[in-house]
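This is what each chain is made of:
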Amino acid sequence: MSRLLIAAAILAAAFLCAALPLPAPPLELPAAPSGPTARGSFHIHTNRSDGSGSPDEVAAAAARAGLNFIILTDHGDGTRKPDPPKYRDGVLIIDAVELSTQAGHYIAIGLPQTPYPLRGDARDVVDDVRRLGGFGVVAHPDSSKPSLRWHDWNADFDAMEWLNADTEWRDEGEGQLLRALLRYPFRPAETLASLLDRPDSTLARWDELTQRRRVVAFASADAHARAGWMDDDANGYRSGWLLKVPSYEASFRTFAMRVTLERPLGNDAVADAGQIVDALKRGAVYTAIDAIASPAVLEFSAAARTLTARTNAAAGVTIVLRRDGRILAEQPLPTLTVEAPGEGTYRVEVYLSGAPGNPPIPWIVSNPIYLRPETWGTSSPAVVATPTITRGIQGGPWHTEKDAGSSAAVRQDNYPAGPVEFTFRLADGERAGQYTALGIGVGKALTERTHLAFTARASRPMRISVQARHPQSGDRWQRSIYIDTQPRDVLVKFAEMTPVGAGPPFDPSLADTLLFVVDTTNTPAGTAGTFTIENLRVER
Ligand SMILES: [Zn+2]
Ligand SMILES: [Zn+2]
């Protein structure tokens, strides 16, 4: 569609509006006493990636919408130094990053500048974000666009979006979208809210996960403030825009999160951001669709086994309490008190009559209260049974492999048992398949073994891809590992190795070469460094 056509559509709206019923304005509710909270919006793109507004313009829009904070999530790989938290127009700006993994997009909040680009397997990016102190959120998990959907539900992520505005409009019909475009100029936030449906499958997925471990969820604006070309570029980002709709302000007025704080926000941006991120990590956050009714207040607490949920809406309100995903209690009153029948994961959804959506979108969604034993959900360190068979293969022979422009050298001073030192330099320039690899022929040594074990360290924090190669087909299988200047014992389970590209599951008896690969997935072009492998062995 050209700019002209869109402009014509907007003009047509002026004539059609009389015939077009507009969505109702938000219900005005009495404020209710509650502890300190902060209202904010999460998942916002600025003109530093594919959004249309500058960070200051976005903050100004947030101020007009009455928000206390915004979390900017421009696309990146973590190597850009995040801006320190700051106040603009009374709105706290928290700078986060939306990372691209092979399984989908993962937003990291509170992540410092990373020592290498975070990319590749989702499980590795999730590990890296955690090691570096960030808090990670799975973005648009159920987008109708396969390239945006999340594919690795076994990854140990911290949080997920239960609602994503971008996903929501994608599943509406063309007629519905056209009507929305016509209504938008008159009631922007209410029109955006009219596109929301209860995302049943995403919420069911969340409920399934929280029966095993803690997972935080909240709604995501996925705000770009532009519409137009809806194509994805090579990185899966939408590029180009025709109109700055929906505006940031309309997105912020549609829904937002409420973070429950220990003390009110002050003027110290760093301390205030720390408080908000800590609250997100604890799950002290609920989502409210403000375009349905405002202000939204939910108090959800447990005293021993007595669960109490209370809202400030009086008429037409229904509180639904779920235990492990199933409805435990449902009451058309602003307060619900229930004795928990036992252990479980409990959360509430609050509905208001007349809310849009099919099924209707809940006005408020809380995070869970986990009535679980102390130790529940803490993942125990991977236990590897004492190996019954160990065979040292440190003796090699070792060799190097690389692309034409890169350089690589291998050195083993004490043959055959001494450490092997690998020195590499990736060729400069754009990412274009530069790689260097330390290789070792292993014959049939992997057959009937379950894992590799070794001790490794590197001249800098980095990831190397441990690969096994089949001699005839050249097929490879890989598992990425993290190493740094401290020697660490590494274990690579064959069962966790995945094909490089498409291919069958790994069969150790088919591989005769192991490779320790440095490539541009996690190492920038032009980087030089060394790593050392000691005591390489196969075990079972
Ligand atoms: Zn995304
Ligand atoms: Zn995004």
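Here is a short report on the structure shown in this document. All of these numbers come straight from a predicted model, not from anything done at the bench.

**Examining the overall build of the chain**
And step 1. The secondary structure content of the chain amounts to 9 helices and 32 strands.
And step 2. Over its C-alpha trace the chain gives a radius of gyration of 26 Å, about what one expects of a compact globule, namely 24 Å for 540 residues.
And step 3. Over its C-alpha atoms, taken along the principal directions, the chain stretches across nearly 85 × 60 × 45 Å.
And step 4. The buried share of the chain, reckoned over its 540 residues, is 53%.
And step 5. Taking all contacts inside the chain whose residues are at least 6 apart in sequence as the whole, residues at least 24 apart take part in 70%.
And step 6. Across the chain, the centroid of the 55 positively charged side chains sits 1 Å from that of the 62 negatively charged ones.

**Overview of the pairing of strand β11 (residues 285-288)**
And step 1. Burial along β11 is two-sided: the face carrying V285 and T287 and the face carrying Y286 and A288 are both buried.
And step 2. Note that strand β10 (residues 256-260) and β11 share 4 bridges and pair antiparallel. Residue R258 lies in a different strand from β11, and its bridge partner there is Y286.
And step 3. Where β11 lies against strand β19 (residues 364-365), 2 bridges are found, and the strand directions are antiparallel. Note that in β19 the partner of A288 across the bridge is I364.

**Some points on empty space enclosed by the protein**
And step 1. Scanning the model with the defined rule gives 3 cavities of 30 Å³ or more in all.
And step 2. Its boundaries defined by the atoms lining it, the second largest cavity holds a volume of some 40 Å³.
And step 3. Lining the second largest cavity, in full, are D207, T210, R322, D324, G325, T345, R347 and P368.
And step 4. When grouped by side-chain class, the residues that make up the lining of the second largest cavity number 1 nonpolar, 3 polar and 4 charged.

**Details of the coordination of the zinc ion (ligand 1)**
And step 1. Protein-derived ligands of the zinc ion (ligand 1) are E98 (OE), H105 (ND1) and H140 (NE2), with the metal-ligand distances lying across 2.0 to 2.2 Å.
And step 2. Each donor residue of the zinc ion (ligand 1) lies on one chain, and together they are spaced E-x6-H-x34-H.
And step 3. Between the zinc ion (ligand 1) and the zinc ion (ligand 2), a spacing of 3.3 Å is present, and a bridge between the two is formed by E98. Here the residue H105 occupies a position in strand β6 (residues 104-109), and H140 occupies one in the loop between β7 (135-138) and β8 (159-164), the gap between them amounting to 35 residues. The two residues H105 and H140 agree in class, both being buried.

**A closer look at the sheet that holds strand β25 (residues 435-441)**
And step 1. Spatially, the 6 strands line up as an open sheet ordered β22-β25-β31-β27-β28-β30, and their pairing is antiparallel. Only two strands of the sheet have a single neighbouring strand rather than two, namely β22 (398-402) and β30 (498-499).
And step 2. As defined by bridge partners, β25 adjoins strand β31 (residues 513-519) across 7 bridges and the pair is classed as antiparallel. By the bridge assignment for β31, I440 is matched with L514.

**Topic: the pattern of salt bridges**
And step 1. By the definition in use, this model includes 36 salt bridges.
And step 2. Between D50 and R226 there is a salt bridge, with its nearest N and O atoms 3.7 Å apart. A residue pair is termed long-range when its members are at least 10 positions apart, and D50 in the loop between β2 (37-44) and α2 (55-64) and R226 in the loop between β9 (216-220) and α8 (248-254) qualify at 176 residues. The pair formed by D50 and R226 is uniform in burial state, with each residue classed as buried.

**A closer look at the sheet that holds strand β17 (residues 335-339)**
And step 1. Reading across the sheet, the 3 strands line up as β13-β14-β17 and stay open at both edges, with antiparallel pairing between neighbours. One side of each edge strand has no neighbouring strand; the edge strands of this open sheet are β13 (298-303) and β17. Taking each pair of neighbouring strands and ignoring which way they run, the sheet shows an average axis angle of 10°.

**Focus on the side chain of D121**
And step 1. Looking at where D121 falls in the secondary structure, it is placed in the loop between β6 and α3 (122-131).
And step 2. The residues touching D121, leaving out its near neighbours within four places in the chain, are Q102, Q478, R479 and T498.

**Points about the nonpolar core**
And step 1. Counting 62 residues, the largest nonpolar core has F157, M160, I289, F300, L321 and W363 as its most contacted members.
And step 2. The contact partners of F157, leaving out residues within four places of it in the chain, are Y106, V126, R130, V138, W150, D152, L209, R213 and V215.
And step 3. Counting 36 residues, the second largest nonpolar core, distinct from the first, contains L426, L446, W477 and F516.

**Some thoughts on the environment of V517**
And step 1. Position of V517 among the secondary structure elements: in strand β31.
And step 2. Its relative accessible area of 6% is what places V517 among the buried residues.
And step 3. V517 sits 117 residues away from T400 along the chain, and the two C-alpha atoms are 9.7 Å apart.
And step 4. Among all residues touching V517, those that are not within four sequence positions of it are Y435, T436, A437, I464, S465 and Q467.

**What about the environment of A432?**
And step 1. With respect to the helices, strands and loops of the structure, A432 is situated in the loop between β24 (420-425) and β25.
And step 2. Residue classification places A432 among the exposed positions, given a relative accessible area of 65%.
And step 3. Distance in space between the C-alpha atoms of A432 and T520 is 8.1 Å, their sequence separation being 88 residues.

**Topic: unusual backbone geometry**
And step 1. Cis geometry marks the peptide bond from N358 to P359; its omega dihedral reads -5°.
And step 2. Note that P359 resides in the loop between β18 (344-352) and β19.
And step 3. A cis amide bond links G396 with the next residue in sequence, P397, at an omega value of 15°.
And step 4. With respect to the secondary-structure elements, P397 resides in the loop between β21 (390-392) and β22.
And step 5. Backbone geometry at A304 places phi at a positive 55°, although glycine is not the residue there.
And step 6. Within the secondary structure, A304 is located in the loop between β13 and β14 (306-311).
And step 7. On the accessibility criterion, A304 (70% relative accessible area) is exposed.
And step 8. Positive phi, normally seen in glycine, also occurs at E448, with a value near 60°.
And step 9. The residue E448 is located in the loop between β25 and β26 (451-458) in this model.

Conventions and cut-offs
Residue positions are counted from 1 within each chain, in the order its sequence is given. To label them, take the chains in the order written and letter them from A, then take the ligands in the order written and number them from 1. Predicted model: local features are reported for residues with pLDDT of at least 70 only, side-chain atom pairs are reported and counted for 80 or more only, and whole-chain, interface and lining totals are derived from all residues. Excluding hydrogens and water, the side-chain values take into account all heavy atoms of the structure. Going along the chain from the N terminus, every DSSP run of H or I of four or more residues is numbered as a helix, and every run of E of two or more is numbered as a strand. Here the radius of gyration uses the C-alpha set of atoms, whereas the globule reference equals 2.2 Å times the residue count to the power 0.38. Type-normalised accessible area, obtained with a 1.4 Å probe on protein chains alone, sets the label of each residue: buried when under 20%, exposed when over 50%, and partly exposed for intermediate values. Contacts: residue pairs with any heavy atoms within 4.5 Å of one another. A residue counts as positive if it is Lys or Arg and as negative if it is Asp or Glu; His and the chain ends are not included. To locate a charge, take NZ of a lysine, CZ of an arginine, CG of an aspartate or CD of a glutamate. We treat two strands as partners when DSSP finds at least two bridges between them. Here a cavity is any set of points on a 1 Å grid over the protein atoms alone where a 1.4 Å probe fits but cannot get out, and a pocket is any open set with protein on both sides within 12 Å along at least 5 of 7 lines; a residue lines the site when it has an atom within 4 Å of a point. Grid points are joined across faces, edges and corners, and a volume is the space filled by probe spheres set on the points. Residues were grouped as follows: Ala, Val, Leu, Ile, Met, Phe, Trp, Tyr, Cys and Pro as nonpolar; Asp, Glu, Lys and Arg as charged; and all remaining residues, including Gly, as polar. Shown as donors are all N, O and S atoms within 2.8 Å of a metal ion, widened to 3.2 Å for Na, K and Ca; because water is not in the atom set, sites may appear incomplete. Salt bridge, as used here, is a side-chain nitrogen of Lys or Arg placed within 4 Å of a carboxyl oxygen of Asp or Glu. Lines fitted to the C-alpha atoms define the axes, with helices restricted to the stretch that makes contact. Angles between their N-to-C directions range from 0 to 180 degrees. The nonpolar core is taken to be a set of buried Ala, Val, Leu, Ile, Met, Phe, Trp, Tyr and Cys residues, with the residues joined through side-chain atoms within 4.5 Å.

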